[in-house]
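# Residue-level structural notes
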Amino acid sequence: DATDSISERNVVEIRRLVERKIYSSGDNTLINFYEISESGKHIHPFSMCKPPSGKNASELWANPELLKKRFQENFVSAFDSTMTKLLTQKPADQSPIIESFQSVAVEAIDAVDGEHHIIFVSDLLQHSKKFSFYKEKPSMRRYLETLSSTGGMFAKLNNAGVTLLIVPREMPKG
């Protein structure tokens, strides 16, 4: 959720948790980052298969040092710059979390077979023209009314694993 800024402390914790998940994934695992933008359309700033790090490469038929260098130059640097960009955003006027999450689920999960895991980092404060937690108390009835009036749908996660990292925000009184 790149529609609001995140404290430095939260940036460190989010980075640690995301890195742990990504670095523990297998070689050639497709890693995608999706940015929730103010428009409600997701932005796709990073997509790359995780290359072998050279850690388990054989000295006989592979070149561990070359693999390690490629891993650092091609994957780690792009991953780090994307994380830095996404975690240091300026606040936006809207935060269409539900719409964005649904579009990512359709693109990333419905369209591609295989095992999936989503790490969702957000304050979960939905605010768009369609539905806003700032304008009214959140309710499932109201959400379903909004969906049916706009032709929306539920995100189909098809047994994908989901890790939800909720970023606390200071809320104005009232």
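These numbers were taken from a predicted model, which means no experiment stands behind them.

Scoring rules and cut-offs
Residues numbered from 1 in each chain as written. Predicted model: local features only at pLDDT ≥ 70, side-chain atom pairs only at ≥ 80, totals over all residues. Heavy atoms only, no water. Helix = DSSP H or I, 4+ residues; strand = E, 2+ residues; numbered from the N terminus. Buried < 20%, exposed > 50% of the residue type's maximum accessible area, 1.4 Å probe, protein only. Contact = heavy atoms within 4.5 Å. Areas by Shrake-Rupley, 256 points an atom, 1.4 Å probe, with all protein chains shown as cover. Salt bridge = Lys/Arg side-chain N within 4 Å of Asp/Glu carboxyl O. Expected span 1.5 Å × (residues − 1). Arc of directions from axis to C-beta. pLDDT = per-residue confidence, 0-100. Core = buried A, V, L, I, M, F, W, Y, C linked by side-chain atoms within 4.5 Å. Patch = residues over 30% accessible without salt bridge, like charges linked within 9 Å, V, L, I, M, F, W, Y side chains within 5 Å. Bend = angle between axes of the 7 residues up to and from the residue. Polar contact = N/O pair within 3.5 Å; in protein donor to acceptor, adjacent residues only side chain to side chain.

## A closer look at the overall build of the chain
- Per the secondary structure count, the chain includes four helices and four strands.
- Walking the chain from its N terminus toward its C terminus, one meets helices and strands in the order α-β-β-α-α-β-α-β.
- For the chain, buried positions account for 36% of its 174 residues.
- A sequence separation of at least 24 residues applies to 70% of the contacts in the chain between residues at least 6 apart.
- By element, 54% of the accessible surface of the chain is carried by carbon and sulfur atoms, the whole surface being about 11100 Å².

## Focus: the pattern of salt bridges
- Taken as a whole, this structure holds three salt bridges when the rule is applied.
- Sharing partners across several salt bridges, the network here consists of Arg15, Glu19 and Asp80.

## Digging into helix H1 (residues 8-24)
- Here H1 contains 17 residues, and its C-alpha end-to-end distance of 24 Å stays within 8% of the 24 Å for a straight helix at 1.5 Å per residue.
- If you check which residues of H1 are buried, you get Val11, Ile14, Arg15, Val18, Glu19 and Ile22. The buried residues of H1 occupy an angular sector of 130° when the element is viewed end-on, so they sit on one face. Facing away from the buried side of H1 by more than 90 degrees, the exposed set consists of Arg9, Val12 and Ser24.
- Looking at the buried residues of H1, the elements they touch are strand S1 (30-36), helix H2 (64-86), strand S3 (117-122) and strand S4 (161-166).

## Observations regarding the confidence of the model for the chain
- The share of residues in the chain with pLDDT of 70 or more is 87%, and the mean pLDDT across the chain is 77.
- In the model of the chain, helix H4 (residues 140-150) stands out as the element of lowest mean pLDDT, 73, in contrast to S4, which has the highest, 86.

## Looking at unusual backbone geometry
- For Asn28, which is not a glycine, the phi torsion comes out positive at approximately 70°.
- By the element assignment, Asn28 lies in the loop between H1 and S1.
- Even without glycine at this site, Leu124 takes up a positive phi of about 60°.
- The residue Leu124 is located in the loop between S3 and H4 in this model.

## Digging into the nonpolar core
- Counting 19 residues, the largest nonpolar core has Ile14, Val18, Ile22, Phe33, Phe75 and Phe79 as its most contacted members.
- Put simply, the parts of the chain that give this core at least two residues each are H1, S1 and H2.
- One finds Val104, Ile109, Ile118 and Phe120 within the second-largest nonpolar core, a separate group that totals ten residues.

## What about a nonpolar patch on the surface?
- A cluster of nonpolar side chains, Leu124, Val162, Leu164 and Ile166, forms an exposed patch at the surface whose accessible area comes to about 320 Å².
- The partly exposed category is assigned to Leu124, whose relative accessible area is 31%.

## What about the environment of Met83?
- Note that Met83 resides in helix H2.
- Measuring from C-alpha to C-alpha, the distance between Met83 and Glu19 comes to 9.6 Å, with 64 residues separating the pair along the chain.
- Other than its neighbours up to four places away in sequence, Met83 contacts Ile14, Arg15, Val18 and Phe33.

## Let's talk about H2
- An ideal rise of 1.5 Å per residue puts 33 Å on 23 residues; H2 measures up with 31 Å between its terminal C-alpha atoms.
- The sharpest bend along H2 comes to roughly 35°, located at Gln72.

## Things to note about the environment of Phe79
- Structurally, Phe79 is set in helix H2.
- Among the residues examined, Phe79 registers a relative accessible area of 0% and is labelled buried.
- Sequence separation of Phe79 and Asn32 is 47 residues, and the distance between their C-alpha atoms is 9.9 Å.
- The contacts of Phe79, once residues within four sequence positions are left out, are Val18, Glu19, Ile22, Tyr23, Phe33 and Phe46.

## As for the side chain of His127
- In this fold, His127 is placed in the loop between S3 and H4.
- Here Ser132 takes part through its side chain, which lies 2.6 Å from a polar atom of the side chain of His127.
- Excluding anything up to four places from it in sequence, His127 contacts Asp93, Gln94, Ser95, Pro96, Ser132, Tyr134 and Lys135.

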